[in-house]
Amino acid sequence: MTFKILSCDGGGIRGLITALLIQDLDQKYGLIKKADGFAGTSTGGLIALALAKGTAIADIVEIYQTKGKEIFECNGWCFGEVEESFTNEANSNLERPGYRASMYTNAGLLKIAKNLFHDAKLSDLSKLAVINTARLWDPKIQSWAPCTFSSDKNNPFSNISLCDAALATSAAPTYFPPYQISGLGYFVDGGLFANNPSVTAIAETLSSRKIQSLDDMRLLSIGTGMSPEGITPKSIGNPLDWGISSWLWPFKSGTVPSVALLKLTMDATSKNSELEAKRLLNDKYQRGNFTLLNPLALDDWKNTADLVKQTQAYLMTDDWKTVCQWVEKCWG
């Protein structure tokens, strides 16, 4: 008996890509009903929890297409409204949201989560759910630590609410405030260590004794689009000049992406998890993802039409045909 896990990456509003790809596979093969478990990080965590709770994939797609402004509720004012009016004076820069305050509140996201999950707990789910987050203070080790929430009864966090899990996994630093869970402290985005939750999904499935060996597992990993960004050798200039202002500058500077360190962390962990999962599972692992035509930020909710267009184009490719063939063969 195989155990089938659907894994969903982080990526903010680009979770629309994940939802659309899942919708296509569900229409063709009944993907969701046949899944035994769901794993997710950040926006993928929200999708995974919603699917595990029984939310229709069409409703999830609709949230991404219509609730972007509500999810990214400005904390005072937003970069896009005032970016051109700023000078390069240090004091002015330090007053921008993202420096001394988060860019967005989490009020809108919390409202959406409550509408989806009500008072349900992880332990209430009939299927396995695996959600990554980062705990800012773990009293046992006197430090911060990676953290995996799971619906498995042996997981120490199985009794937390789905709302708490969703808000904790999606609290991206500088974008959203750290999220507090009563009695456990503050948590931030799991994408800081596992933006692609494939490997933690494998580990949790094994530890919960859902499978006897890796031969019994099938893992389908769905991404949020790879952003065509990086730092070319020419962009470096003098390496000694690379401090906070270079790594965490909130706007694109020449060919250097905005908040480069955060994007590097999330993209690199996602790709690394893909490579590791493939080594562990071989042909029992399949990845669906594509490179975006242009960089799209985590909070770029005004361009969801572009996300839809690019996803529809990907659905016509040979790469997606390969994903479909794998699902048809391995997801029965």
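Criteria and thresholds
Residues numbered from 1 in each chain as written. Predicted model: local features only at pLDDT ≥ 70, side-chain atom pairs only at ≥ 80, totals over all residues. Heavy atoms only, no water. Core = buried A, V, L, I, M, F, W, Y, C linked by side-chain atoms within 4.5 Å. Buried < 20%, exposed > 50% of the residue type's maximum accessible area, 1.4 Å probe, protein only. Salt bridge = Lys/Arg side-chain N within 4 Å of Asp/Glu carboxyl O. Helix = DSSP H or I, 4+ residues; strand = E, 2+ residues; numbered from the N terminus. Pairing = 2+ DSSP bridges. Lys, Arg positive; Asp, Glu negative; His and termini not counted. Contact = heavy atoms within 4.5 Å.

Draft legend 1. Summary view of the nonpolar core. With 77 residues, the main nonpolar core has Ile22, Phe117, Phe149 and Leu220 as its most contacted residues. Core analysis: the second largest hydrophobic core is formed by 13 residues, Phe3, Ile5, Ala39 and Ile211 among them.

Draft legend 2. Structural detail: the pattern of salt bridges. In total, this model carries ten salt bridges according to the counting rule given. One salt bridge in this structure joins Lys28 and Asp24, with 3.0 Å as the shortest N-O distance. In this pair, Lys28 and Asp24 are both assigned in helix 1 (residues 15-29), four residues apart and thus about one turn of the helix distant. Classification of Lys28 as partly exposed rests on a relative accessible area of 44%. With a relative accessible area of 12%, Asp24 lands in the buried category. Two residues, Lys284 and Asp283, come together in a salt bridge whose shortest N-O distance is 3.7 Å.

Draft legend 3. Up close: the pairing of strand 1 (residues 3-8). Summarising burial for strand 1: six of the six residues are buried, a large majority. In this structure, strand 1 lies alongside strand 7 (residues 217-222), joined through six bridges in parallel fashion. Paired with Ser7 across the bridge in strand 7 is Ser221. Sheet analysis places strand 1 next to strand 2 (residues 37-41), joined by four bridges and oriented parallel. Across the sheet, the residue bridging to Ile5 is Gly37, located in strand 2.

Draft legend 4. Structural view of the side chain of Glu204. On the secondary structure map, Glu204 appears in helix 11 (residues 198-207). Salt bridges are absent for the buried Glu204, whose nearest opposite-charge side chain, Lys210, sits at 8.7 Å. Leaving out residues up to four positions away in the same chain, Glu204 has contacts with Val130, Thr148, Ser150, Asp152 and Asn155.

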